[in-house]
Structure formats: structure tokens, C-alpha cells
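Remarks on the overall topology
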Amino acid sequence: MPVPISQAWTVASYVLKQKIKGRKQYPLVLMLEPLYRCNLACAGCGKIQYPAHVLKQELLPEECFKAVDECGTPMVSIPGGEPLMHSQIDKIVEGLVARKKYIYLCTNALLLKEKLHLFKPSKYLTFSVHLDGQKEHHDFSVCREGGYELAVEGVKAALQRGFRVTTNTTLFDGADPKSVRAFFDEMMELGVEGMMLSPGYSYDKAPDQKHFLGRARTRRLFRAILANRKPTWQFNQSMLFLEFLMGKRDFKCTPWGMPTYSIFGWQKPCYLLQDGYTDSFAELMSTTEWDNYGTESGNAKCANCMVHSGYEASGVDYTFSSLKGLWAAAKATLFTRNQDDEALLMLNEPVAPVHSYNPLVQIDAKSSKLEETRA
Ligand code: SF4
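Attention here is on the structure that accompanies the text. Source: prediction; values computed, not measured.

1. Structural notes on the side chain of Asp139
By the secondary structure assignment, Asp139 is in helix 6 (residues 135–141). Assessed through its relative accessible area of 4%, Asp139 is described here as buried. Engagement of the side chain of Asp139 in a polar contact is seen with the backbone nitrogen of Gly147, the distance being 3.2 Å.

Listed below in C-alpha cells is the structure:
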């Protein structure tokens, strides 16, 4: 079982309540970004491109709790920046656990081993470790040699102390499906509870603009990776979202499903775009022109997007919208093999190693220091 029953039940009953209330647009997971500072400088990420005075800022625990209470989601994802660099991350987690929120603390795990003592194992707390593939690919993706080993050490330490641990993997153009499948084996052998996947999104601020995936290539890549699935692989996300990535079904974006709150306020319209901010969640919902977003809207910024923050909530909503949806989700959960001979052939297609057209950017020793930097 990739997600504990208590969590699945909490999420299912929350979504059903929204349906009974007739809410068409409801949040499912709050993306809480308590800081933008990070101890990595990944080529595909635009967050750390902010000026120094922004990178120094942090949300206070009280500001985080207010946002969580305002939007009322059963799950809170804490990305960033690197949340373990937040000076009061332990207080934030403690307050959210007290509110019985299921937390995914998204970390590159470089600091995980040394910060574990700040946290207590709980069914509400999961460390979602950012690992983009096998050693060579991950180190390249996060622009840091040795990043994979450090992250794996962090995962092992967290598992030994009884914490819930998942991985989250962002795939860009040039990903080798065979290697990604071997990475899944490695992660399951390591003992993580489940894995999460998403294609990357083209951030305006990201330094590497060449290697984001278009929709057709996304579907092809994920079909090669996720068809003919091994029974040992566990995924900690909506199975219908995985089918969407493989091109087996289509969803419309539901950007309100994973609203983002950061030091700037509530971000319009989604985790990826920044078309303004509001002071309250209610204002975000009422003043955002939602029809201007999603692939069907014709908005060029949304044209190639298939990321989890736009479409995973769509899969969950579809599940609870009809008996057909429930049946589709049950089938996708029970029958995971997805036999596909064509997809098997795709695994033998040559892949240009990412390094052949883009040299590894090595962060200098000063900027990759692992010590915490306080606001
Ligand atoms: S399609 Fe992607 S970029 Fe556009 S609103 Fe949805 S999540 Fe945001």
C-alpha cells in the first residue's frame, strides 16, 4: 500500500465533503514555501534566482499556520528553497502535525541526517526526498557531484529512525527511461515508502531553458518508463495522474488544487506561474481568472505543462466525480503492470546522454556550503 490507509481515508473523506457541498474548485494540497533559499543551484529551478534580500526572508511559523488554516487542505507540501534551511522548520512541522495535516517536507536531503533530531516520527510527517535519478543523472540534474550519496545517506538515516520517506523525481528532456527504471529498483531496495514523479516545467527564471519536455515527448517518455511496470514499484501519488503522464487519459488543469503560499502571499494562479499575489486564500479564489489558464486556454505559458501541481489534483477530483472515476482509479491501483510491447521497444532506443550536450555545472565550494544560513 503506497499511502497509509489513514491518509487515504482522510483525503477521500475531504474530497467527498467538497463534492457534497457542491464545490467545483477546492484546494487539495497546500504548497507552502516558507523560504526560497537553497543549498543547491539546480539548472532546472528558478527559485534561487531571486535577489539576496528575497532569499534571506522566511515565513514565520504563525504565517504558515494562518495560511494552512485559511485554505483547510488535508495535505501540506513544503517545498522551497530548501525547507531544512529554515531557522524554525521544526516549529512549523510541529504546528502542522498538531493540526493533523499530512506533511510532505520536500528536501534535497543534504542536511537531513544532521537535522533529523529536530523532528519526531509521525504518520503525518513524510520526508519527500528530491532525487532525479541514478547517481550520475541526479548529480548532473542538481549540479552537484556527490549529491546523490548525501541524499541516500539522509534517506537511510531517516528510515532507520522510523520516519516516513518518499522520493520526488522531476524528469527533463534527455532522461533515459532504462536508467529511470533502474533508479526505481534502487529506491525500493532502499526501503522508501513510495515514489513521486513529474515532468519539469519551463521556469522563466531557470538557467537551463533547453531541456524542458513538450507534451508529446512527455507522454512518450513516461509511457516508456511506466508501462510494463514491476510489481515492486510503489508510487505515492494518484495512479490516474500517472496514466495522464503516459497519455492514457486526458485531464484539464486544476490550478486551484495545489495553491501556493510564500513570502509574497498567495500566488496566482499556480505553483509555476506568478501572475500576481493576494493577501488571502479567499481573494486568490475569487479574483483569479481561472479560464485564462490550462492547456486548453491557449495561454502559451500553459501549452506544454503536465506537471503534478496542475494535474494531480485533477486526477483525484476525477476519481471522486463518478462511479466511472472510482472504477478507473481502482483498476489503475490494482492492475499496475500496463503491459505494452511498443513501450518495451522504446527502452532500446538510443538516448543521447545529457552530458553530451550540456557540461556539468559544478557549484563552487563556497556557494555549496551545507551550513544553515539564517535570515
Ligand atoms: S497548465 Fe501548468 S502552468 Fe498553466 S496554470 Fe496549470 S499548472 Fe500552471
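2. Brief notes about helix 9 (residues 215–226)
Helix length check: helix 9 (12 residues) gives 16 Å between terminal C-alpha atoms against 16 Å at 1.5 Å per residue, within 8%. Within helix 9, burial applies to Arg215, Thr218, Leu221, Phe222, Ala224, Ile225 and Leu226. Just downstream of helix 9, Asn228 is the residue with a positive phi angle, here 50°.

3. With respect to the site of the ligand
The local shell around the ligand consists of Tyr201, Cys253, Cys270, Leu272, Leu273, Tyr293, Gly294, Cys302, Cys305, Gly310 and Tyr311. Taken atom by atom, the bulk of the ligand overlaps the largest cavity. Broken down by class, the residue content of the shell around the ligand amounts to 9 nonpolar, 2 polar and no charged.

4. Quick look at the pairing of strand 1 (residues 29–32)
Both faces of strand 1 are covered, namely the face carrying Val29 and Met31 and the face carrying Leu30 and Leu32. Where strand 1 and strand 2 (residues 75–78) come together, 3 bridges link them in parallel fashion. By the bridge assignment for strand 2, Met31 is matched with Ser77. With 2 bridges connecting them, strand 1 and strand 7 (residues 260–262) associate as parallel partners. From the neighbouring strand, Met31 faces strand 7, where its bridge partner is Thr260.

5. As for the packing of aromatic side chains
Within a pair of aromatic rings, the relevant descriptors are the distance that separates the centres and the angle that separates the planes. Taken as a whole and assessed by the stated rule, the structure comprises 18 aromatic pairs. Considering the side-chain rings of Tyr36 and Tyr50, the 4.5 Å spacing of their centres and the 25° angle between planes classify their relative orientation as stacked. Placement of Tyr36 in the loop between strand 1 and helix 2 (52–55) and of Tyr50 in the loop between strand 1 and helix 2 is noted, with a sequence separation of 14 residues between them. The exposure class assigned to Tyr36 is buried, which follows from its relative accessible area of 1%. The exposure class of Tyr50 is buried, given its relative accessible area of 12%. Ring centres 5.2 Å apart and planes at 65° place the aromatic pair Phe127 and Phe163 in the edge-to-face group. A residue pair is termed long-range when its members are at least 10 positions apart, and Phe127 in strand 4 (residues 125–130) and Phe163 in the loop between helix 7 (147–160) and strand 5 (164–171) qualify at 36 residues. Pair check on accessibility: Phe127 and Phe163 agree, each one buried. Through a chain of ring-to-ring contacts, the aromatic side chains of Phe241, Phe244, Phe251, Tyr311 and Tyr318 assemble into a single cluster.

Definitions and cut-offs
- Residues numbered from 1 in each chain as written.
- Predicted model: local features only at pLDDT ≥ 70, side-chain atom pairs only at ≥ 80, totals over all residues.
- Heavy atoms only, no water.
- Helix = DSSP H or I, 4+ residues; strand = E, 2+ residues; numbered from the N terminus.
- Buried < 20%, exposed > 50% of the residue type's maximum accessible area, 1.4 Å probe, protein only.
- Polar contact = N/O pair within 3.5 Å; in protein donor to acceptor, adjacent residues only side chain to side chain.
- Expected span 1.5 Å × (residues − 1).
- Near = heavy atom within 4 Å.
- 1 Å grid on protein atoms, 1.4 Å probe; cavity = no way out; pocket = protein on both sides within 12 Å on 5 of 7 lines; lining within 4 Å.
- Sits in = over half its atoms within 2 Å of the grid points.
- Nonpolar A, V, L, I, M, F, W, Y, C, P; charged D, E, K, R; others polar.
- Pairing = 2+ DSSP bridges.
- Phe/Tyr/Trp six-rings, centres within 6.5 Å; stacked < 30°, edge-to-face > 60°.

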